[in-house]
Amino acid sequence: MCVPHCLFSAQITLTRSVGQRLPPSLFFWFQSSTNPSPFSGYLRDLNEPLIDHAEGQFFLNEAFKIIMEEVLSNGTDVKQKVCEWKEPEELALLLDLGVRETGEPRDKLLQRVRDVAKYSVKTSHPHFFNQQYGGVDYHSLAGRFLTEALNTNLFTYEAAPVFVLMENEVLRGLRQLVGWTEGDGIFCPGGSTSNMYAMNLARYQRFPEVKSQGVWALPRLSIFTSPESHYSVKKGAAFLGIGLDNVIFVKVDDRGRLIPEDLDEKIELSKSQGAVPFLVSCMSGTTVQGVFDPLDHIADICDKHKLWMHVDACWGGSVLFSKKHRHLMKGVDRANSVAWNPHKMLVAGLQCSALLLKDTTNLLKQCHSANATYLFQQDKFYDVNLDIGDKSVQCSRKVDCLKLWLMWKAVGSMGLEERVDKAFIHARYLVEQMKKREGFQLLSMPEFVNVCFWFIPPSLRGKEGTEDYQEKLAKVAPVIKERMMKQGTMMVGYQPLGNKVNFFRVTVFSPLLSQKDMDFFLDEIERLGKDL
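Described below are features of the structure shown in this document. Since the structure is predicted, the reported quantities are computational estimates derived from the model, not experimental observations. (Residues numbered from 1 in each chain as written. Predicted model: local features only at pLDDT ≥ 70, side-chain atom pairs only at ≥ 80, totals over all residues. Heavy atoms only, no water.)

Examining the packing of helix 12 (residues 260-272) against helix 13 (residues 295-305)
Note the threshold: To get an axis, fit a line to the C-alpha atoms, keeping to the stretch in contact for a helix; angles then go from 0 to 180 degrees between the N-to-C directions. Working definition: helices are DSSP H or I runs of at least four residues, strands are E runs of at least two. Numbering for both runs from the N terminus. Note that the term roughly parallel is reserved for angles under 35 degrees, roughly antiparallel for angles over 145, roughly perpendicular for angles of 65 to 115, and oblique for everything else. A crossing counts as left-handed when the near helix is turned anticlockwise from the far one by less than a right angle, and as right-handed when that turn is clockwise. The criterion used for residue contact is that any of the two residues' heavy atoms lie within 4.5 Å. Polarity classes work like this: nonpolar for Ala, Val, Leu, Ile, Met, Phe, Trp, Tyr, Cys and Pro, charged for Asp, Glu, Lys and Arg, and polar for all others, with Gly in that last group.
At a minimum axis distance of 9 Å, the contact between helix 12 and helix 13 shows a crossing angle of 20°. Here helix 12 is positioned roughly parallel relative to helix 13, judged by the angle of their axes. In the crossing of helix 12 with helix 13, the sense of the turn from one axis to the other is right-handed. Contacts between helix 12 and helix 13 involve Pro260, Leu263, Asp264, Ile267, Glu268 and Lys271 on the former and, on the latter, His297, Ile298, Ile301, Lys304 and His305. Within the contact of helix 12 with helix 13, the residues separate by chemical class into five nonpolar, two polar and four charged.

Below is the structure:
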């Protein structure tokens, strides 16, 4: 706001008359009392809020109309594009991303909203198969909108009474599915953070002096995991000062499942080399192939060596809702901690990531607390155990429980079970259809809802034994991916794995999917790759 020049002149005069410069608040009071008229417009501005509620709420209503039309109507319509591809330079110009000294009028801002929606990937679209999130649940989305509108920080009961109680209840419900009647937990900003929390808690439980003395006081530690585990294990080891060289990869079988016998041998070898093993991180639903490690056998080895057992079930944890498929996680109740992302298979919306603990000794708080007295006073008028903020390494922590709670309330555990079971049915249908079509080659029969396959174009069929076959096959998936993106018809991911060249990985879990979408997927791969 620009202050009139005469205001400064008047303040100079006042300063001379009283012998010292007045504070701005007293100066404004003096001016309004003695001679209000010269500055009445300016003073009225000081007495009014800077936000115009009527204008703001009108803008919000108009913006919601665009969201409903572009994101939730067009963005879920199979006749519409999944993405509107633009090269980075062109997109930057279209969006006019620079910020300026002065603001823009409402109509231009609403066009900005429309442009952002138009050029963003429609992750709720039935033909978005690119990642392990997508689709839309409208009850969860309402919870996400409400979360943003309330703008609550989830650290004390006085600031977030509803959500402290809600988070505790949702975590209790998830722990029950794991098989624990007691325990602890927290919602984290993503599964990677959940995995790092588990690492930190396991180290603290074994060596509590690390909190005060740091890593220099500890022996060399070692972590054991599968080569198909999520990369956050390596990132966590680097972040926590354990070191990448101390992440030991255990052999897997031909399906990608961790081999317990090799785990036992590598733990013994690590001990003989002077390291102290402290954590085994196993998988329930690997990112690429969707593999489930044999948890019961791994638990036996963890018990034998007294190691913390962590289960990364960020992707596969939702099978626990299903009576038909929960056997994939047999033995999970023997773990010390479980990471689970309901924003993946349950479609709770980003982000919704829970770390669940069997611990009942308040280890989370002991490990992470800093006892900030401006937040966590011990003489409050309510039960201070409800101030859960010191369990987290964050101070500001978003509410991530509401979206899951509202969706769970809406459809119940039976509704979530139905979604899990339907995803398996879609995956099995896709596999059976692939077997009937020429050119589709599975890596293996899927255990979960990840279907991994090569598409062999006509020019390569029957040439599997030629010298350059693998080199040519590796180029197929990237070209098909580029074509689908630029045409906007669908999105699916590809990757190499070990000695296997680029292959597609499609994950089918969105409640918006039908068998028609499975057929479209296969037809589109064929169309985009037939001339390669």
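Read on for the rest.
Some points on the pairing of strand 3 (residues 221-225)
Each regular strand shows side chains that alternate between the opposite faces of the sheet. Filter applied, for reference: Exposure is judged per residue with a 1.4 Å probe applied to protein chains only, and the accessible area is read against the type maximum: over 50% gives exposed, under 20% gives buried, and values in between give partly exposed. Strands are treated as partners if at least two bridges between them are detected by DSSP. A clockwise course of the path from the first strand over the helix to the second, judged with the strands pointing away from the viewer, identifies a crossover as right-handed.
Judged by how many residues are buried, strand 3 sits mostly within the fold: five of five residues are covered. Residues of strand 3 alternate between two faces, with Leu221, Ile223 and Thr225 on one and Ser222 and Phe224 on the opposite face, all of them buried. Of the strand pairs in this sheet, strand 3 and strand 5 (residues 276-283) are connected by five bridges, and their pairing is parallel. Note on strand 5: the bridge partner recorded for Leu221 is Val276. Two strands pair when backbone bridges link them, and strand 3 and strand 4 (residues 247-249) are joined in this way by three bridges, in the parallel orientation. Its bridge partner being in strand 4, Phe224 is matched across the sheet by Ile248. What joins strand 3 to strand 4 is helix 11 (residues 232-239), and the crossover it makes is right-handed.

With respect to the pattern of salt bridges
Our working definition: Any carboxyl oxygen of Asp or Glu within 4 Å of a side-chain nitrogen of Lys or Arg constitutes a salt bridge here.
The full count for this structure, using the stated rule, is 34 salt bridges. Asp468 is the partner of Lys472 in a salt bridge, and the nearest nitrogen-oxygen pair spans 3.3 Å. On the accessibility criterion, Lys472 (43% relative accessible area) is partly exposed. By relative accessible area, Asp468 is classed as partly exposed at 30%. One salt-bridge network, held together by shared partners, links Asp296, Asp300, Asp303, Lys330 and Arg334.

Section: the nonpolar core
Our working definition: To define a nonpolar core, start from buried Ala, Val, Leu, Ile, Met, Phe, Trp, Tyr and Cys residues and group those joined through side-chain atoms within 4.5 Å.
In this structure, Val311, Phe521 and Ile525 are the most contacted members of the largest nonpolar core, which totals 102 residues. With 14 residues, the top contributor of residues to this core is helix 15 (residues 401-436). Ignoring anything within four residues of it in the chain, the contact list for Phe521 reads Phe129, Leu430, Met434, Phe453, Met490, Val492 and Val506. Among the nonpolar cores identified, the runner-up in size contains 27 residues, and Met199, Leu221, Ile223 and Cys367 belong to it.

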